[in-house]
Amino acid sequence: MTLRSVLILGGSGFVGRALCETLVDRWEAGPRLRVPTRRLANAQVVQPLPLVDVLQADVHDDAQLDRLLAGCDAVVNLVAILHGSEAAFEQVHVALPRRLAAACRRQGVRRLVHVSALGADPAGPSHYLRSKGRGEAALREAGLDLTLLRPSVIFGANDRFLNLFAQLQALFPVLPLAGADARFQPVWVDDVAAAIAACLERPDTIGQVYECAGPEVKTLAELVRLAGEASGHPRPILPLPGPLATLQALAMEFAPGETLMSRDNLASMTVPNVATGQHPGLADLGIAPSPLLAVVPGYLQPGQRCARLDTWRARHR
């Protein structure tokens, strides 16, 4: 199928920005990319890109979702949250996919690529994993031409993962760490973006679930240590036992500003965030996943945050 217009929900977010840049690179004269956002200021990073049309809209409103989907050939759903109440997870991870599926049927849009998460399970130990699993189930029931991607934790220049731990180690002499032994298989955001692009381009990915994971399995403590070393602020890490870990997460839930960790996050980390091998992976999409050390120093080392854009700027003049 020839794609003329693709709707990208969550296109102004961390993964969405990488996806827009990837699709612009791959589809120089390709379909238009529709990126809705509640506030136009939130999409300033992708607004200057060729092929991208930023539209102010609320994707949780059925009428606005219908207007966004009208005339589209495919849709990518990246909308997700890591922190929030049970009701918030229900709205974003379950109700929105249901609403999206219904709107796709009304507008005759069959092709959908949905980004979920490793460990998604309606019977999982956390609100996050349960809501992700129920969202997947809602989309499967809709009978669309669906592809599911389940990434591990995603890292990259604008992440709120390794960057956060680097910042904390710049501030504190010792880093108490809940969930230090939790296992992850981090995947580079550009590899996830390439996987989504491949799914849009390849009809044989319809009906498949792809586990998007990097080449290395690391504990949270190892990842935090890497962030400290790459940013020039290595600090001793103090793993917290169960009760203290829960207490730290509880305190962070009620701390002012952005939530760094919650009790729901701790519950999610009881499930290893690694590929199960039960589904195809990045290699099946022709992607060789990038190791951490090939990417992380390039954006965590001092002075690298702006310089890393030079190659992309030069390519697009």
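Rules behind the numbers
- Residues numbered from 1 in each chain as written.
- Predicted model: local features only at pLDDT ≥ 70, side-chain atom pairs only at ≥ 80, totals over all residues.
- Heavy atoms only, no water.
- Phe/Tyr/Trp six-rings, centres within 6.5 Å; stacked < 30°, edge-to-face > 60°.
- Buried < 20%, exposed > 50% of the residue type's maximum accessible area, 1.4 Å probe, protein only.
- Salt bridge = Lys/Arg side-chain N within 4 Å of Asp/Glu carboxyl O.
- Helix = DSSP H or I, 4+ residues; strand = E, 2+ residues; numbered from the N terminus.
- Expected span 1.5 Å × (residues − 1).
- pLDDT = per-residue confidence, 0-100.
- Contact = heavy atoms within 4.5 Å.
- Core = buried A, V, L, I, M, F, W, Y, C linked by side-chain atoms within 4.5 Å.
- Pairing = 2+ DSSP bridges.
- Axes fitted to C-alpha atoms, helices over the stretch in contact; angles between N-to-C directions.
- Parallel < 35°, antiparallel > 145°, perpendicular 65-115°, else oblique.
- Left-handed = near helix turned anticlockwise from the far one by under 90°.
- Nonpolar A, V, L, I, M, F, W, Y, C, P; charged D, E, K, R; others polar.
- Polar contact = N/O pair within 3.5 Å; in protein donor to acceptor, adjacent residues only side chain to side chain.

Novice: Mind laying out the packing of aromatic side chains, listing which residues take part and the relevant values?
Specialist: Per the counting criterion, the structure on display carries three aromatic pairs. Measuring from centroid to centroid gives 5.8 Å for Phe-161 and Phe-165, while their planes differ by 85°, and the two rings are edge-to-face. Here Phe-161 and Phe-165 have matching classes, each one buried.

Novice: Can you lay out the pattern of salt bridges for me, pointing to particular residues and giving the numbers?
Specialist: On inspection of all chains with the given rule, the structure shows 12 salt bridges. Note that Arg-106 is salt-bridged to Asp-66, the shortest N-O span being 3.1 Å. Taken together, the residues span a long stretch of sequence, with Arg-106 in helix H3 (residues 86–107) and Asp-66 in helix H2 (residues 62–69) at a distance of 40 residues. Residue classification places Arg-106 among the partly exposed residues on the basis of a relative accessible area of 44%. Here Arg-110 ties to Asp-145 by a salt bridge, and the two come within 3.4 Å at their closest N and O atoms. Of this pair, Arg-110 sits in the loop between H3 and strand S5 (111–115) while Asp-145 sits in strand S6 (residues 145–151), and the two are 35 residues apart along the sequence. The class of Arg-110 is partly exposed, set by a relative accessible area of 42%. Classification of Asp-145 by relative accessible area gives partly exposed; the value is 24%.

Novice: Hey, could you go over helix H7 (residues 220–231) for me, with residue numbers and the actual values?
Specialist: The first and last C-alpha atoms of H7 sit 17 Å apart over 12 residues, in line with the 16 Å expected at 1.5 Å per residue. Inspection of H7 places Leu-220, Ala-221, Leu-223, Val-224, Leu-226, Ala-227, Gly-228, Ala-230 and Ser-231 among the buried residues, and these make up the whole buried set. Just beyond H7, the residue with positive phi is Gly-232, at close to 85°.

Novice: Can you explain the confidence of the model for the protein? Please cite residues and give values.
Specialist: Overall, the prediction assigns the protein a mean pLDDT of 93, with 95% of residues at 70 or greater. The model gives residues 305–317 a pLDDT under 50, and that stretch makes 15 contacts with residues more than four places away or in other chains.

Novice: A description of the environment of Thr-2 should follow, citing residues and the corresponding values.
Specialist: Locating Thr-2 in the fold gives a position in the segment before strand S1 (5–9). With relative accessibility at 65%, the residue Thr-2 sits in the exposed group. Taking the C-alpha atoms as reference points, Thr-2 and Glu-201, separated by 199 residues in sequence, lie 9.0 Å from one another.

Novice: Lay out the nonpolar core in plain terms, naming residues and giving numbers.
Specialist: Counting residues in hydrophobic clusters, the biggest one holds 41 residues, and the most contacted among them are Val-6, Val-52, Ile-196 and Leu-200. At the level of elements, S1, helix H1 (14–26), strand S2 (32–37), strand S3 (52–56), strand S4 (74–77), S5, helix H6 (189–201) and strand S11 (209–212) are the ones that each hand at least two residues to this core. It is H6 that provides the largest number of residues to this core, a total of 10 residues. Apart from the residues lying within four places of it in its own chain, the contact partners of Val-6 are Trp-27, Pro-31, Arg-32, Leu-33, Arg-34, Cys-72, Ala-74, Val-76 and Leu-200. Core analysis: the second largest hydrophobic core is formed by 34 residues, Val-153, Ala-180, Leu-223 and Leu-240 among them.

Novice: Break down the sheet that holds S6 for me, citing the residues and quoting the values.
Specialist: With parallel pairing, seven strands are arranged side by side in an open sheet as S3-S2-S1-S4-S5-S6-S11. A strand with exactly one partner marks an edge of an open sheet, and here the two such strands are S3 and S11. Averaged over neighbouring strand pairs, the angle between their axes works out to 20° when direction is ignored. In terms of strand pairing, S1 meets S2 through three bridges, oriented parallel. The residue bridging Leu-7 from the neighbouring strand is Arg-34, located in S2.

Novice: Talk me through the side chain of His-60; I want residue IDs and the actual numbers.
Specialist: With respect to the helices and strands, His-60 occurs in the loop between S3 and H2. With a relative accessible area of 18%, His-60 lands in the buried category. Leave out the neighbours within four places in its chain, and His-60 touches Arg-38, Gln-91, Val-92, Leu-96 and Arg-99.

Novice: Give me the lowdown on the packing of H1 against H6, citing residues and values where you can.
Specialist: With their axes 8 Å apart at the nearest point, H1 and H6 run at an angle of 55° to one another. Classed by the angle they form, the pair H1 and H6 counts as oblique. Relative to H6, H1 is oriented so that their crossing is right-handed. Here H1 contributes Phe-14, Val-15, Ala-18, Leu-19, Thr-22, Leu-23 and Arg-26 to the contact with H6, which in turn contributes Val-189, Asp-190, Val-192, Ala-193, Ala-194, Ile-196, Ala-197, Ala-198, Leu-200 and Glu-201. Within the contact of H1 with H6, the residues separate by chemical class into 13 nonpolar, one polar and three charged.

Novice: So what's going on with the side chain of His-114? Which residues, and what values?
Specialist: Along the chain, His-114 falls in strand S5. The class for His-114 is buried, based on a relative accessible area of 3%. Here the side chain of His-114 touches Asn-77 through a polar contact of 3.2 Å, side chain to side chain. With residues near it in sequence (within four places) discarded, His-114 still touches Asn-77, Pro-97, Leu-139, Leu-146, Thr-147, Leu-148 and Leu-149.

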